[in-house]
Amino acid sequence: MLTHVVLMKFTDPADAPEAKERLEALAGRVPQIRGLSAHLDVVHSPVSYDLCLVTRHESADELRSYQQHPDHLELAGWLRPRLAARAVVDHEG
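Residues numbered from 1 in each chain as written. Predicted model: local features only at pLDDT ≥ 70, side-chain atom pairs only at ≥ 80, totals over all residues. Heavy atoms only, no water.

(A) Fine view of helix α1 (residues 16–26). A16, A19, L23 and L26 are the residues of α1 that are buried. Down the axis, α1 shows its buried residues gathered within 65 degrees of arc, on one side only. Buried-residue contacts for α1 involve β1 (2–10), β2 (35–40), β3 (51–57), α2 (60–68) and α3 (70–79). (Buried < 20%, exposed > 50% of the residue type's maximum accessible area, 1.4 Å probe, protein only. Helix = DSSP H or I, 4+ residues; strand = E, 2+ residues; numbered from the N terminus. Arc of directions from axis to C-beta. Contact = heavy atoms within 4.5 Å.)

Rendered as structure tokens:
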């Protein structure tokens, strides 16, 4: 199992709740997602990111298929202009 973790910092942190809703909606529409959780930051420290996305996939190929899925690409088009920073970690387990 491959776990895909994305931390997002928004230019306007008020966009984070809508991003969370949009991301959670992908779970029912993208078959390559085996699990998905999205969490908003509650501490808001100077080093905090606004949102953490965790998705699970059977393989790296399945992750790539998820990333190329039309629903993911549409959401990415909405997200990218709103992001100030993004960090990604993909790990097994």
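(B) Region of the structure containing the packing of aromatic side chains. Taken as a whole, this structure holds 0 aromatic pairs when the rule is applied. Over the face of the ring belonging to Y49 we find K9, whose NZ or CZ atom lies 5.2 Å from the ring centre. The aromatic ring of W78 is capped on one face by R22, whose charged end is 4.1 Å from the ring centroid. (Phe/Tyr/Trp six-rings, centres within 6.5 Å; stacked < 30°, edge-to-face > 60°. Lys NZ or Arg CZ within 6 Å of the ring centre and 35° of its normal.)

(C) Structural detail: α3. Taken residue by residue, α3 has H72, L75, A76, W78 and L79 as its buried positions. Down the axis, α3 shows its buried residues gathered within 155 degrees of arc, on one side only. Of the residues in α3, the exposed ones pointing more than 90 degrees away from the buried face are P70 and E74. The secondary structure elements touched by the buried residues of α3 are β1, α1, α2 and β4 (83–92).

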